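Structural features, examined
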Amino acid sequence: MKFPSMAEADGRTLGDEEVAAAERVIRSGMLNSVWGTEARALEREIARVYGSRHAITCSSGTAALHLSVVAAAPDPGDEVITTPITDFGTVAPILAQNAVPVFADVDPFDGNLDPDAVAALIGPRTKAIMAVHLFGAPARVGELRALADEHGLTLIEDCAQAWLTELPGGGLAGTAGQVGCLSLQQWKHITCGDGGVAITDDDELARRMRLFSDKGWDRAAGRSHAAFGVNYRMTELQAAVARAQFAKLPGVLAARRRTAGQLLDALKGVPGVCLPRPDGHAWWLFPIVCPDGDAPELATHLAAAGIPARAGYLAEPLNRAPVWEAAIYGSSRYPLEGYRPNPCPRAELMVDRTLLVIDWNENYTPEHVELIAQEITKFRARP
Ligand SMILES: *Cc1c(COP(=O)(O)O)cnc(C)c1O
(Lines give C-alpha, C1' and ligand atoms only; values in the text may rest on other atoms or scores of the structure.)
Protein backbone atom coordinates (compact mmCIF):
# COMPACT_ATOMS: atom_id res chain seq x y z
CA MET A 1 0.00 0.00 0.00
CA LYS A 2 1.43 3.42 -1.00
CA PHE A 3 1.55 5.88 1.89
CA PRO A 4 1.11 9.54 0.90
CA SER A 5 4.39 11.40 1.54
CA MET A 6 5.07 15.01 2.41
CA ALA A 7 7.86 14.82 -0.19
CA GLU A 8 5.38 14.14 -3.00
CA ALA A 9 2.22 15.70 -4.40
CA ASP A 10 0.03 12.91 -2.97
CA GLY A 11 0.94 13.94 0.57
CA ARG A 12 0.66 17.69 0.11
CA THR A 13 -2.31 20.01 -0.37
CA LEU A 14 -0.66 21.98 -3.19
CA GLY A 15 -3.17 22.59 -5.98
CA ASP A 16 -4.89 25.14 -8.19
CA GLU A 17 -5.07 27.72 -5.40
CA GLU A 18 -1.29 27.74 -4.99
CA VAL A 19 -0.75 27.83 -8.76
CA ALA A 20 -3.08 30.85 -8.98
CA ALA A 21 -1.29 32.53 -6.07
CA ALA A 22 2.14 32.11 -7.64
CA GLU A 23 0.84 33.32 -11.00
CA ARG A 24 -0.81 36.40 -9.41
CA VAL A 25 2.53 37.42 -7.90
CA ILE A 26 4.58 36.76 -11.03
CA ARG A 27 2.16 38.72 -13.23
CA SER A 28 2.18 41.62 -10.77
CA GLY A 29 5.89 42.16 -11.45
CA MET A 30 6.66 42.50 -7.72
CA LEU A 31 8.30 39.49 -6.10
CA ASN A 32 9.80 41.28 -3.07
CA SER A 33 7.78 41.64 0.12
CA VAL A 34 9.15 45.07 1.07
CA TRP A 35 7.04 46.60 -1.71
CA GLY A 36 4.50 43.84 -2.26
CA THR A 37 1.25 42.98 -0.48
CA GLU A 38 1.28 39.20 0.01
CA ALA A 39 3.64 38.87 3.00
CA ARG A 40 1.85 41.66 4.85
CA ALA A 41 -1.49 39.97 4.11
CA LEU A 42 -0.16 36.61 5.37
CA GLU A 43 0.99 38.34 8.57
CA ARG A 44 -2.50 39.79 9.12
CA GLU A 45 -4.17 36.43 8.46
CA ILE A 46 -1.90 34.52 10.84
CA ALA A 47 -2.11 37.20 13.54
CA ARG A 48 -5.92 37.06 13.33
CA VAL A 49 -6.12 33.26 13.72
CA TYR A 50 -3.57 33.24 16.56
CA GLY A 51 -5.04 36.32 18.23
CA SER A 52 -1.58 37.94 18.29
CA ARG A 53 -0.80 41.64 17.86
CA HIS A 54 2.08 40.93 15.49
CA ALA A 55 3.12 38.25 13.00
CA ILE A 56 6.49 38.67 11.25
CA THR A 57 7.17 36.58 8.16
CA CYS A 58 10.70 35.46 7.34
CA SER A 59 12.64 33.01 5.20
CA SER A 60 12.49 29.87 7.38
CA GLY A 61 11.49 28.43 10.73
CA THR A 62 15.13 28.65 11.77
CA ALA A 63 15.11 32.35 10.80
CA ALA A 64 11.95 32.88 12.90
CA LEU A 65 13.67 31.21 15.85
CA HIS A 66 16.74 33.39 15.27
CA LEU A 67 14.50 36.46 15.38
CA SER A 68 13.02 35.22 18.66
CA VAL A 69 16.47 34.86 20.24
CA VAL A 70 17.38 38.33 18.96
CA ALA A 71 14.18 39.58 20.63
CA ALA A 72 15.17 37.93 23.92
CA ALA A 73 18.48 39.84 23.62
CA PRO A 74 20.98 37.61 25.44
CA ASP A 75 24.40 39.11 26.08
CA PRO A 76 27.23 36.99 24.64
CA GLY A 77 27.73 34.04 26.98
CA ASP A 78 24.20 34.18 28.41
CA GLU A 79 22.32 30.88 28.57
CA VAL A 80 19.19 29.67 26.85
CA ILE A 81 17.54 26.54 28.25
CA THR A 82 16.11 24.20 25.63
CA THR A 83 15.35 20.58 24.76
CA PRO A 84 17.71 17.97 23.29
CA ILE A 85 14.94 16.39 21.18
CA THR A 86 14.27 18.87 18.40
CA ASP A 87 15.38 20.02 14.97
CA PHE A 88 18.80 21.75 15.00
CA GLY A 89 16.93 24.88 13.90
CA THR A 90 15.98 25.39 17.54
CA VAL A 91 19.60 25.46 18.69
CA ALA A 92 21.47 27.12 15.79
CA PRO A 93 19.99 30.59 16.59
CA ILE A 94 21.31 30.38 20.17
CA LEU A 95 24.84 29.89 18.79
CA ALA A 96 24.31 32.56 16.15
CA GLN A 97 23.70 35.08 18.96
CA ASN A 98 26.81 33.93 20.86
CA ALA A 99 24.65 32.47 23.61
CA VAL A 100 25.03 29.07 25.27
CA PRO A 101 22.45 26.29 24.87
CA VAL A 102 21.66 24.51 28.14
CA PHE A 103 19.86 21.23 27.60
CA ALA A 104 17.16 20.19 30.06
CA ASP A 105 15.72 16.69 30.19
CA VAL A 106 12.30 15.76 28.88
CA ASP A 107 9.13 13.89 29.80
CA PRO A 108 9.82 10.23 28.88
CA PHE A 109 6.39 9.83 27.27
CA ASP A 110 6.03 12.86 25.00
CA GLY A 111 9.64 14.08 24.75
CA ASN A 112 8.65 17.63 25.73
CA LEU A 113 10.63 19.73 28.24
CA ASP A 114 10.12 18.78 31.87
CA PRO A 115 9.48 22.07 33.76
CA ASP A 116 11.17 20.69 36.90
CA ALA A 117 14.33 19.93 34.91
CA VAL A 118 14.20 23.46 33.46
CA ALA A 119 13.71 25.02 36.90
CA ALA A 120 16.78 23.21 38.23
CA LEU A 121 18.96 24.75 35.50
CA ILE A 122 17.94 28.39 35.86
CA GLY A 123 20.96 30.43 36.96
CA PRO A 124 22.32 33.98 36.94
CA ARG A 125 23.12 33.85 33.18
CA THR A 126 19.83 32.33 32.03
CA LYS A 127 18.10 34.66 29.58
CA ALA A 128 15.41 32.59 27.89
CA ILE A 129 13.66 29.23 27.67
CA MET A 130 12.98 27.72 24.24
CA ALA A 131 10.24 25.07 24.41
CA VAL A 132 9.34 22.85 21.48
CA HIS A 133 5.89 21.35 20.97
CA LEU A 134 7.40 18.08 19.78
CA PHE A 135 5.56 16.24 16.98
CA GLY A 136 2.59 18.57 17.64
CA ALA A 137 1.95 17.59 21.27
CA PRO A 138 1.46 20.59 23.56
CA ALA A 139 4.53 21.23 25.77
CA ARG A 140 3.88 22.37 29.34
CA VAL A 141 4.23 26.03 28.41
CA GLY A 142 1.83 27.29 31.11
CA GLU A 143 4.25 26.11 33.79
CA LEU A 144 7.25 27.28 31.76
CA ARG A 145 5.73 30.75 31.39
CA ALA A 146 5.20 30.94 35.15
CA LEU A 147 8.87 29.99 35.64
CA ALA A 148 9.97 32.53 33.04
CA ASP A 149 7.94 35.29 34.68
CA GLU A 150 9.25 34.43 38.13
CA HIS A 151 12.86 34.74 36.91
CA GLY A 152 12.47 37.54 34.34
CA LEU A 153 13.15 35.28 31.33
CA THR A 154 11.72 35.22 27.82
CA LEU A 155 9.73 32.11 26.89
CA ILE A 156 10.02 31.19 23.20
CA GLU A 157 7.76 28.50 21.74
CA ASP A 158 8.98 26.53 18.74
CA CYS A 159 5.73 25.56 16.97
CA ALA A 160 7.35 24.36 13.74
CA GLN A 161 5.67 20.95 14.25
CA ALA A 162 2.65 22.37 16.03
CA TRP A 163 0.43 24.41 13.74
CA LEU A 164 -2.91 24.83 15.59
CA THR A 165 -1.80 22.71 18.57
CA GLU A 166 -4.21 23.57 21.39
CA LEU A 167 -3.05 24.31 24.95
CA PRO A 168 -4.86 22.81 27.96
CA GLY A 169 -6.28 26.14 29.19
CA GLY A 170 -7.44 27.12 25.70
CA GLY A 171 -5.44 29.16 23.21
CA LEU A 172 -3.01 27.96 20.58
CA ALA A 173 0.57 26.84 21.05
CA GLY A 174 2.70 29.89 20.30
CA THR A 175 0.62 32.28 22.41
CA ALA A 176 1.75 31.23 25.92
CA GLY A 177 5.29 32.56 25.51
CA GLN A 178 6.45 36.05 24.54
CA VAL A 179 7.29 34.76 21.03
CA GLY A 180 5.97 31.79 19.03
CA CYS A 181 7.70 30.50 15.88
CA LEU A 182 6.17 28.64 12.94
CA SER A 183 7.72 26.92 9.91
CA LEU A 184 6.50 26.52 6.33
CA GLN A 185 9.27 24.13 5.27
CA GLN A 186 8.43 21.24 2.92
CA TRP A 187 7.83 18.67 5.70
CA LYS A 188 5.52 20.76 7.91
CA HIS A 189 1.70 20.75 8.04
CA ILE A 190 1.60 23.42 5.34
CA THR A 191 4.41 24.60 3.12
CA CYS A 192 5.81 27.12 0.68
CA GLY A 193 9.09 25.19 0.39
CA ASP A 194 10.79 27.22 3.09
CA GLY A 195 9.34 30.00 5.21
CA GLY A 196 8.83 31.10 8.80
CA VAL A 197 6.65 33.29 10.97
CA ALA A 198 7.25 34.75 14.44
CA ILE A 199 4.22 35.86 16.44
CA THR A 200 4.19 38.13 19.50
CA ASP A 201 1.94 40.48 21.45
CA ASP A 202 4.90 42.65 22.47
CA ASP A 203 5.43 45.80 20.37
CA GLU A 204 9.11 46.16 21.33
CA LEU A 205 9.98 42.52 20.58
CA ALA A 206 8.14 42.85 17.25
CA ARG A 207 10.17 45.96 16.40
CA ARG A 208 13.47 44.20 17.16
CA MET A 209 12.50 41.18 15.07
CA ARG A 210 11.38 43.29 12.09
CA LEU A 211 14.58 45.33 12.16
CA PHE A 212 16.81 42.26 12.40
CA SER A 213 15.01 40.55 9.51
CA ASP A 214 15.56 43.58 7.25
CA LYS A 215 19.22 44.59 7.78
CA GLY A 216 18.34 46.84 10.70
CA TRP A 217 16.60 49.12 8.24
CA ASP A 218 13.69 51.13 9.60
CA ARG A 219 11.99 51.74 6.28
CA ALA A 220 10.04 54.71 7.71
CA ALA A 221 13.33 56.48 8.53
CA GLY A 222 14.88 56.52 5.04
CA ARG A 223 18.12 54.71 4.17
CA SER A 224 19.19 54.65 7.81
CA HIS A 225 20.27 51.63 9.83
CA ALA A 226 19.10 51.54 13.43
CA ALA A 227 20.49 48.15 14.44
CA PHE A 228 22.50 45.11 13.35
CA GLY A 229 20.45 42.79 11.16
CA VAL A 230 20.52 40.37 8.26
CA ASN A 231 18.14 39.72 5.37
CA TYR A 232 15.57 37.13 6.46
CA ARG A 233 12.72 38.50 4.34
CA MET A 234 10.07 36.17 2.93
CA THR A 235 9.44 36.67 -0.78
CA GLU A 236 6.03 37.45 -2.26
CA LEU A 237 6.03 34.07 -4.02
CA GLN A 238 6.52 32.26 -0.72
CA ALA A 239 3.88 34.40 0.99
CA ALA A 240 1.25 33.97 -1.71
CA VAL A 241 1.64 30.18 -1.68
CA ALA A 242 1.66 30.20 2.12
CA ARG A 243 -1.63 32.17 2.17
CA ALA A 244 -3.32 29.54 0.03
CA GLN A 245 -1.87 26.83 2.27
CA PHE A 246 -2.88 28.62 5.48
CA ALA A 247 -6.49 28.68 4.26
CA LYS A 248 -6.32 24.87 4.03
CA LEU A 249 -4.77 24.40 7.48
CA PRO A 250 -8.00 23.70 9.42
CA GLY A 251 -8.84 20.90 6.97
CA VAL A 252 -5.32 19.48 7.26
CA LEU A 253 -5.61 19.42 11.06
CA ALA A 254 -9.10 17.91 11.06
CA ALA A 255 -8.02 15.07 8.77
CA ARG A 256 -4.86 14.32 10.75
CA ARG A 257 -6.80 14.36 14.04
CA ARG A 258 -9.46 12.04 12.62
CA THR A 259 -7.08 9.32 11.44
CA ALA A 260 -4.80 9.67 14.49
CA GLY A 261 -7.90 9.06 16.63
CA GLN A 262 -8.59 5.92 14.62
CA LEU A 263 -5.08 4.60 15.26
CA LEU A 264 -5.34 5.41 18.98
CA ASP A 265 -8.58 3.41 19.14
CA ALA A 266 -7.11 0.50 17.20
CA LEU A 267 -4.02 0.28 19.44
CA LYS A 268 -5.82 0.60 22.76
CA GLY A 269 -4.80 -2.32 24.98
CA VAL A 270 -1.92 -3.52 22.79
CA PRO A 271 0.89 -4.37 25.24
CA GLY A 272 4.28 -2.68 25.12
CA VAL A 273 3.14 0.51 23.42
CA CYS A 274 2.48 3.81 25.24
CA LEU A 275 0.18 5.93 23.13
CA PRO A 276 0.33 9.72 22.90
CA ARG A 277 -2.32 11.83 24.63
CA PRO A 278 -4.57 13.22 21.91
CA ASP A 279 -5.49 16.43 23.76
CA GLY A 280 -4.65 19.42 21.57
CA HIS A 281 -2.26 17.31 19.43
CA ALA A 282 -1.54 18.50 15.88
CA TRP A 283 -0.14 15.11 14.76
CA TRP A 284 2.85 16.27 12.74
CA LEU A 285 4.10 12.75 13.33
CA PHE A 286 2.47 9.93 15.30
CA PRO A 287 4.87 9.05 18.16
CA ILE A 288 4.75 5.81 20.15
CA VAL A 289 6.86 5.01 23.20
CA CYS A 290 8.00 1.38 23.67
CA PRO A 291 8.94 1.16 27.36
CA ASP A 292 10.66 -2.20 26.81
CA GLY A 293 13.24 -0.47 24.62
CA ASP A 294 12.51 -2.26 21.37
CA ALA A 295 11.51 0.73 19.24
CA PRO A 296 14.35 0.07 16.74
CA GLU A 297 13.12 -3.52 16.17
CA LEU A 298 9.51 -2.35 15.80
CA ALA A 299 10.63 0.33 13.33
CA THR A 300 12.45 -2.29 11.25
CA HIS A 301 9.34 -4.47 11.24
CA LEU A 302 7.07 -1.59 10.16
CA ALA A 303 9.48 -0.37 7.49
CA ALA A 304 9.61 -3.90 6.04
CA ALA A 305 5.80 -3.74 5.78
CA GLY A 306 6.08 -0.49 3.77
CA ILE A 307 5.05 1.77 6.65
CA PRO A 308 7.02 5.05 6.94
CA ALA A 309 8.24 4.63 10.53
CA ARG A 310 11.60 5.32 12.19
CA ALA A 311 13.08 4.83 15.64
CA GLY A 312 14.47 7.69 17.70
CA TYR A 313 13.65 10.62 15.35
CA LEU A 314 17.30 11.80 15.63
CA ALA A 315 20.60 9.94 15.25
CA GLU A 316 21.43 11.25 18.72
CA PRO A 317 19.81 13.79 21.06
CA LEU A 318 21.26 17.24 20.44
CA ASN A 319 23.18 17.24 23.74
CA ARG A 320 25.20 14.37 22.20
CA ALA A 321 25.68 15.95 18.76
CA PRO A 322 29.24 16.09 17.33
CA VAL A 323 28.89 19.88 16.90
CA TRP A 324 29.84 20.45 20.56
CA GLU A 325 33.35 19.15 19.81
CA ALA A 326 33.78 21.42 16.78
CA ALA A 327 34.80 25.03 16.25
CA ILE A 328 31.86 27.43 15.94
CA TYR A 329 33.39 30.53 14.25
CA GLY A 330 36.57 30.06 12.24
CA SER A 331 38.85 28.22 14.64
CA SER A 332 37.06 29.65 17.69
CA ARG A 333 34.65 27.86 19.98
CA TYR A 334 33.52 31.11 21.62
CA PRO A 335 31.41 31.20 23.76
CA LEU A 336 31.65 27.45 24.26
CA GLU A 337 35.24 27.09 25.51
CA GLY A 338 35.13 24.31 28.10
CA TYR A 339 31.46 23.73 27.35
CA ARG A 340 29.99 20.28 28.04
CA PRO A 341 26.31 19.77 27.32
CA ASN A 342 24.30 18.36 30.24
CA PRO A 343 23.48 14.66 30.27
CA CYS A 344 19.76 14.13 29.61
CA PRO A 345 19.23 10.42 30.42
CA ARG A 346 15.51 10.35 29.63
CA ALA A 347 15.99 11.99 26.22
CA GLU A 348 18.92 9.69 25.49
CA LEU A 349 16.87 6.58 26.32
CA MET A 350 14.03 7.80 24.08
CA VAL A 351 16.26 8.43 21.08
CA ASP A 352 18.29 5.24 21.56
CA ARG A 353 15.59 2.73 22.52
CA THR A 354 12.02 3.77 23.27
CA LEU A 355 10.80 6.33 20.72
CA LEU A 356 9.14 5.34 17.47
CA VAL A 357 7.72 7.90 15.03
CA ILE A 358 5.32 7.15 12.22
CA ASP A 359 4.98 9.75 9.45
CA TRP A 360 1.49 11.21 9.52
CA ASN A 361 -0.52 12.77 6.73
CA GLU A 362 -3.86 14.41 6.02
CA ASN A 363 -4.36 12.05 3.09
CA TYR A 364 -4.20 8.82 5.08
CA THR A 365 -7.30 6.65 4.72
CA PRO A 366 -8.76 4.16 7.21
CA GLU A 367 -6.92 1.47 5.20
CA HIS A 368 -3.54 3.09 5.95
CA VAL A 369 -4.44 3.26 9.64
CA GLU A 370 -5.62 -0.33 9.64
CA LEU A 371 -2.36 -1.60 8.14
CA ILE A 372 -0.29 0.30 10.72
CA ALA A 373 -2.42 -1.07 13.59
CA GLN A 374 -2.27 -4.58 12.15
CA GLU A 375 1.51 -4.61 11.84
CA ILE A 376 2.10 -3.18 15.32
CA THR A 377 -0.29 -5.75 16.82
CA LYS A 378 1.38 -8.53 14.83
CA PHE A 379 4.83 -7.47 16.07
CA ARG A 380 3.64 -7.41 19.67
CA ALA A 381 1.93 -10.81 19.38
CA ARG A 382 5.06 -12.57 18.06
CA PRO A 383 6.36 -15.36 20.32
C1 LIG B 1 11.49 22.20 11.03
C2 LIG B 1 11.83 22.64 12.40
C3 LIG B 1 12.61 23.76 12.65
C4 LIG B 1 13.30 24.54 11.56
O5 LIG B 1 12.44 25.03 10.62
P6 LIG B 1 13.00 25.32 9.13
O7 LIG B 1 11.83 26.01 8.49
O8 LIG B 1 13.32 24.00 8.53
O9 LIG B 1 14.18 26.20 9.27
C10 LIG B 1 12.82 24.15 13.95
N11 LIG B 1 12.29 23.48 14.97
C12 LIG B 1 11.54 22.37 14.79
C13 LIG B 1 10.97 21.69 15.98
C14 LIG B 1 11.30 21.91 13.49
O15 LIG B 1 10.57 20.79 13.31
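Residues numbered from 1 in each chain as written. Predicted model: local features only at pLDDT ≥ 70, side-chain atom pairs only at ≥ 80, totals over all residues. Heavy atoms only, no water.

An unreviewed UniProt entry lists the protein under the name dTDP-4-amino-4,6-dideoxygalactose transaminase, from Nonomuraea angiospora. Listed in UniProt under the heading Sequence similarities (unreviewed entry), the comment for the protein reads: "Belongs to the DegT/DnrJ/EryC1 family." According to the UniProt record, the Cofactor (unreviewed entry) comment for the protein is "pyridoxal 5'-phosphate". (UniProt positions renumbered as here; feature names shortened; annotations may be inferred.)

**Let's talk about helix H3 (residues 61-72)**
Over its 12 residues, H3 extends 17 Å from the first C-alpha to the last, a length consistent with the 16 Å expected when each residue adds 1.5 Å. Taken across its 12 residues, H3 has 11 buried, putting it largely inside the fold. Those residues of H3 lying buried are Gly61, Ala63, Ala64, Leu65, His66, Leu67, Ser68, Val69, Val70, Ala71 and Ala72. At the N-terminal boundary of H3, the capping side chain belongs to Ser60, with an oxygen 3.3 Å from the backbone nitrogen of Thr62. Where H3 terminates, the next one or two residues include Ala73, which has phi positive at roughly 55 degrees. (Helix = DSSP H or I, 4+ residues; strand = E, 2+ residues; numbered from the N terminus. Expected span 1.5 Å × (residues − 1). Buried < 20%, exposed > 50% of the residue type's maximum accessible area, 1.4 Å probe, protein only. Polar contact = N/O pair within 3.5 Å; in protein donor to acceptor, adjacent residues only side chain to side chain.)

**Section: the site of the ligand**
Neighbouring the ligand are 14 residues; Gly61, Thr62, Asp158, Ser183 and Lys188 lie closest to it. Separating an oxygen atom of the ligand from a backbone N or O atom of Gly61 is a distance of 2.7 Å. Contact between the ligand and Gln161: an oxygen atom at 2.8 Å from a side-chain N or O atom of the residue. Burial of the ligand by the protein amounts to 93% of the accessible area it has alone, namely 380 Å². Per-element tally for the shell around the ligand: the top contributor is H3, with 3 residues. (Near = heavy atom within 4 Å. Areas by Shrake-Rupley, 256 points an atom, 1.4 Å probe, with all protein chains shown as cover.)

**Considerations on the pattern of salt bridges**
For the structure shown, the criterion picks out 30 salt bridges. In this structure, Glu38 engages Arg24 in a salt bridge whose closest nitrogen and oxygen atoms are separated by 2.8 Å. With Glu38 in helix H2 (residues 38-50) and Arg24 in helix H1 (residues 16-28), this residue pair connects regions lying 14 residues apart in the sequence. By relative accessible area, which is 7% here, Glu38 ends up buried. Using a relative accessible area of 42% as the deciding quantity, one classes Arg24 as partly exposed. Here Asp214 and Arg233 are joined by a salt bridge, their closest N and O atoms 2.7 Å apart. Pair noted here: Asp214 is in the loop between helix H7 (203-213) and helix H8 (236-267) and Arg233 is in the loop between H7 and H8, with a separation of 19 residues, a long-range link. Residue Asp214 is classed as buried on the basis of its relative accessible area, which comes to 8%. One network of salt bridges, in which partners are shared, links Arg24, Glu38, Glu45 and Arg243. (Salt bridge = Lys/Arg side-chain N within 4 Å of Asp/Glu carboxyl O.)

**Some details on the sheet that holds strand E9 (residues 309-311)**
Strand order in the open sheet formed by 3 strands is E8-E10-E9, with antiparallel pairing between adjacent strands. Among the strands making up the open sheet, the edge pair consists of strand E8 (285-289) and E9. Strand after strand, the sheet turns through a mean of 25 degrees between neighbouring axes, direction not considered. Of the strands in this sheet, E9 and strand E10 (355-359) touch helix H9 (residues 295-304), which is tilted by about 160 degrees from E9. (Pairing = 2+ DSSP bridges. Axes fitted to C-alpha atoms, helices over the stretch in contact; angles between N-to-C directions. Contact = heavy atoms within 4.5 Å.)

**Examining the side chain of Thr57**
For Thr57, the location among the structural elements is in strand E1 (residues 54-58). Residue Thr57 is classed as buried on the basis of its relative accessible area, which comes to 5%. Not counting residues up to four positions away in its chain, the partners in contact with Thr57 are Ala39, Arg40, Leu42, Glu43, Gly196, Val197, Tyr232 and Met234.

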